[in-house]
Amino acid sequence: MQKIIIANLKMNLLTLAERERYIESFKKELKNKNLANSQIVLCPPAVHVEYFSKSLKAKNVSIGAQNIFSEERGSYTGEISAPMVKSVGAKYVVIGHSERKKYFFENNQTANAKIKIALKNGLVPVFCVGETKEERLSGSAADVIMKQIVEGLADVSSAKIQSVVIVYEPVWAVGSDETPTGNEILEAKILLRKLFSHACGPEVANKIKILYGGSVKAKTVGQVCLEPGMDGVLVGRESLIPSEFLKIAETLDS
Ligand code: PGA
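Here goes a summary of the coordinates provided. (Residues numbered from 1 in each chain as written. Predicted model: local features only at pLDDT ≥ 70, side-chain atom pairs only at ≥ 80, totals over all residues. Heavy atoms only, no water.)

With that settled, the discussion passes to the site of the ligand. The immediate surroundings of the ligand are formed by 13 residues, with Lys10, His97, Glu169, Gly175 and Arg237 found nearest. Interatomic distance of 2.6 Å between a side-chain N/O atom of His97 and an oxygen atom of the ligand. Contact distances for the ligand include 2.8 Å between an oxygen atom and a backbone N or O atom of Ser215. About the coverage of the ligand: the protein hides 99% of its 280 Å² of free accessible area. (Near = heavy atom within 4 Å. Polar contact = N/O pair within 3.5 Å; in protein donor to acceptor, adjacent residues only side chain to side chain. Areas by Shrake-Rupley, 256 points an atom, 1.4 Å probe, with all protein chains shown as cover.)

Put into structure tokens, the structure is as follows:
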């Protein structure tokens, strides 16, 4: 089955020269790989979305945005909307990332509004869920994830939920060097499938892509993706090095 490998480039590629170096290196590495079973999604900072989508035309490479606002237009100084990123080539958008919650006070309700506006505009929401360390230690991880799903996807029809990509991304694994065991990830996947099965029926539930995210590296991707049978990965730091990022894709593709 085709895997989805998403690069979250975060607030990097600060100059046109850095952007060019990244794209050239990415293209060169991609040429040497046979990734027939991979859908690669690069999410650069918003100012680079248009250029990335014009420069990277490979069939298995799509572009995504890292964020959108929950309204389409209007007096929202500094914000960027779903139709804007769509019109410059984005097909995906990351929503509910733990860094948005930590630094920009986002929550399940803002995620819900953004997911709806993304779907309305034909973007695929990449919806991140996951517990903090404290929540895991206190035994409430499953409840936290359930709440994120129920509130984040409130009033989204089963037909639409099918096109949402879910990422199980424990907050404590993001930007750290800690990774959950394959079993812990499997437990989260089973919980998510059960939730979707209950809400939308098993047929829809089985179609929803469930990825893993948080400190993914080429050497851990077997443990965090293949072992628990995830549908792909969301990669942060390692995606800044195209050779490492594509090594991850290659491992999952074979
Ligand atoms: P990381 O980031 O791979 O650097 O932990 C993951 C993410 O933020 O999605």
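Summarising burial for strand S3 (residues 61–65): five of the five residues are buried, a large majority. Side chains Val61, Ile63 and Ala65 of S3 all project onto a buried face; the interleaved residues Ser62 and Gly64 project onto the opposite face, where all are buried too. Bridging between strand S2 (residues 38–43) and S3 involves three bridges; their strand directions are parallel. Paired with Val41 across the two strands is Ser62, which belongs to S3. Alignment of S3 against strand S4 (residues 92–95), held across two bridges, turns out to be parallel. Looking at S4, one finds that Gly64 is bridged to Tyr92. (Buried < 20%, exposed > 50% of the residue type's maximum accessible area, 1.4 Å probe, protein only. Helix = DSSP H or I, 4+ residues; strand = E, 2+ residues; numbered from the N terminus. Pairing = 2+ DSSP bridges.)

Under the definition given, this model contains four aromatic pairs. Ring plane angle 45 degrees and centroid distance 4.8 Å describe the contact between Phe69 and Tyr76, whose orientation is recorded as tilted. What makes Tyr76 partly exposed here is its relative accessible area of 36%. The aromatic ring of Tyr51 is capped on one face by Arg19, whose charged end is 3.7 Å from the ring centroid. Taking NZ or CZ as reference, Lys133 lies 4.2 Å from the ring centre of Trp172, over its face. (Phe/Tyr/Trp six-rings, centres within 6.5 Å; stacked < 30°, edge-to-face > 60°. Lys NZ or Arg CZ within 6 Å of the ring centre and 35° of its normal.)

This part covers helix H7 (residues 141–152). Compared with the 16 Å implied by 1.5 Å per residue over twelve residues, the 16 Å span of H7 between its first and last C-alpha is a close match. Taken together, the buried positions of H7 are Ala141, Val144, Ile145, Gln148, Ile149 and Gly152. Down the axis of H7, the buried set is contained in an arc of 130 degrees. They therefore lie on one face. Elements that come into contact with the buried residues of H7 comprise helix H4 (98–104), helix H5 (108–120), strand S5 (124–129), helix H6 (133–137), strand S6 (165–168) and helix H9 (182–200). (Expected span 1.5 Å × (residues − 1). Arc of directions from axis to C-beta. Contact = heavy atoms within 4.5 Å.)

This part takes up the pairing of strand S7 (residues 210–213). The alternating pattern of S7 places Ile210 and Tyr212 on one face and Leu211 and Gly213 on the opposite face, and all of these are buried. In this structure, S6 lies alongside S7, joined through three bridges in parallel fashion. Of the residues in S7, the one forming a bridge with Ile166 is Ile210. Across two bridges, the pairing between S7 and strand S8 (residues 232–235) is parallel.

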